[in-house]
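Working through the structure, step by step
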Amino acid sequence: MKRILIIAFTIYSLTSFSQTDQRIYDIINSVSANRIENDITKLANFGTRHTLSDTISETRGIGAARRWIKKEFEKTSNSCDGCLDVFFQKNLVKEGDNQRITKDVWVVNVVAIQRGTKYPNRYIIMSGDIDSRVSDPNNFTSDSPGANDNASGMAGTLEAARVLSKYKFENSIIYLGLSGEEQGLYGGKGFAQYAIDQNWDIIGVLNNDMIGNIKGVDGVISNRDFRIFSEPVPPTETEKERKSRRFYGGEVDGISRQLARYTYKTTKTYMPEMNPLMIYRLDRFGRGGHHRPFNDIGFTGIRIMEAHENYTQQHQDIRTENSIEYGDKLKHVNFEYAAKLTAVNAITMANLAWAPPAPTQVGIGGIVEASAKLKWDTVEGAKGYKIYWRDTTSPTWDYSRYVGDVSEFTLEGIVIDNFYFGIASVGKDGHESVVVFPNKIMR
Ligand SMILES: [Zn+2]
């Protein structure tokens, strides 16, 4: 009898505290490398998608490309009973705004919004870029297939919309095609401002820029490795926040870094064959991407991309020199790998879109005591909360404890000085918010 009870209890524990959701595996399996191949091929065949290129032709230039992307989102919407709001969002950029804007141009983004059932004004965003370039950034007529940079990110975004539109989420998801990236991150800048004007609550931006190359210029070939770039703290922080970090920590615990850790953890949980690399910087050394304009105004945002880049295939005129084939051609893209990174995005978004909001106020105390204390404001829709902590030198949240539906908790015997701490909300199906680093000190 006793043994039966123990077994019953074990089964109950496993089901009620299950860390995984079968739907997430279904999402991974639904991402199609074939459809991604078709979309990248289609995008590369618009000849050039340069931001300043032709907008009238139906077959060549960025106008034809963005109209096709919009139609693809509309097709997806038609097969989910109109579940996506699809539209163009545009900004006029004037000639001479920088050296890469040689004429007045409308920078046009393509937007598809899947409305959340419970928190329609909270948004998780996946972005890719529409535009491409060759060696001269201002050359808007030469062939510029931009197959990896960044038809891969755009195709991944289209595919994520197809897969996730089959589900209903509590939070809203935006699938976003951005333009003007190569001319100075104009599309992201315009869209970030649009989000502020609409009063949107942005959970975070997953910017995908080059998710299809597995063969690095360094000779390394890997279809498992990928990078998650995140800045340490937002540039919009106050002087007071900066000063308080000297005494309370948080140098590597900004909001974007937490989203990076969330993406890392989700990948490790559901796609353990993949090898996400947490890169502790905004972007590659001295280089840019479309998550930055969101970070610039204080939004959470990260860059997801391949780990092994090939510079002879980026921003290059198509040519052969010393038997090296230059140019961002279709044949260099690995579609299976692009599908894997698309799945990473899709499952991160699904988990977040099914999760309750994170607590906003998190206090921490325990100075000269044997135990760390945490206190937070509860959020509607959370079934409970999880405390995370880690060694101060660890990049990831390595320890956790589910503490139920309470608003404060003491971790007995865990000395505050030796770890960093955070809190996540947990929803009824076990989906978690991002971890919030404490923002108040309790004495
Ligand atoms: Zn580029």
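A few points on the structure. Please read these numbers as outputs of a predicted model, since none were measured by experiment.

Details of the nonpolar core
- Counting 68 residues, the largest nonpolar core has Ile27, Ile69, Phe73, Leu164, Tyr175 and Met349 as the members making the most contacts within it.
- When residues of this core are assigned to their parent elements, the largest contribution, 13 residues, is made by helix 11 (residues 335-353).
- When neighbours within four sequence positions are excluded, Ile27 is seen to be in contact with Val163, Leu164, Tyr167, Ala346, Ile347, Ala350 and Trp354.
- In terms of nonpolar packing, the next biggest core, distinct from the first, is built from 20 residues, Ala382, Ile387, Leu411 and Ile416 among them.

A look at the packing of aromatic side chains
- If you walk through the whole model with that rule in mind, you get 16 aromatic pairs.
- Seen from their ring centres, Tyr25 and Tyr270 are 5.0 Å apart, and the 65 degrees between their planes marks the pair as edge-to-face. Of the two residues, Tyr25 is situated in helix 2 (residues 22-30) and Tyr270 in helix 9 (residues 255-270); the sequence distance between them amounts to 245 residues.
- A relative accessible area of 7% means that Tyr270 is categorised as buried.
- Site record: aromatic cluster; members linked through ring pairs are Phe87, Tyr123, Phe191, Tyr194, Trp200 and Phe294.
- For Lys70, the ring lying beneath its charged end belongs to Phe88, and the centroid distance is 5.2 Å.
- The cationic tip of Lys90 hangs over the ring face of Trp106; the distance from NZ or CZ to the ring centre is 4.6 Å.

Thresholds, definitions, all that
Residues numbered from 1 in each chain as written. Predicted model: local features only at pLDDT ≥ 70, side-chain atom pairs only at ≥ 80, totals over all residues. Heavy atoms only, no water. Core = buried A, V, L, I, M, F, W, Y, C linked by side-chain atoms within 4.5 Å. Buried < 20%, exposed > 50% of the residue type's maximum accessible area, 1.4 Å probe, protein only. Helix = DSSP H or I, 4+ residues; strand = E, 2+ residues; numbered from the N terminus. Contact = heavy atoms within 4.5 Å. Phe/Tyr/Trp six-rings, centres within 6.5 Å; stacked < 30°, edge-to-face > 60°. Lys NZ or Arg CZ within 6 Å of the ring centre and 35° of its normal.

Geometric descriptors of this kind do not, in isolation, establish any biological role.
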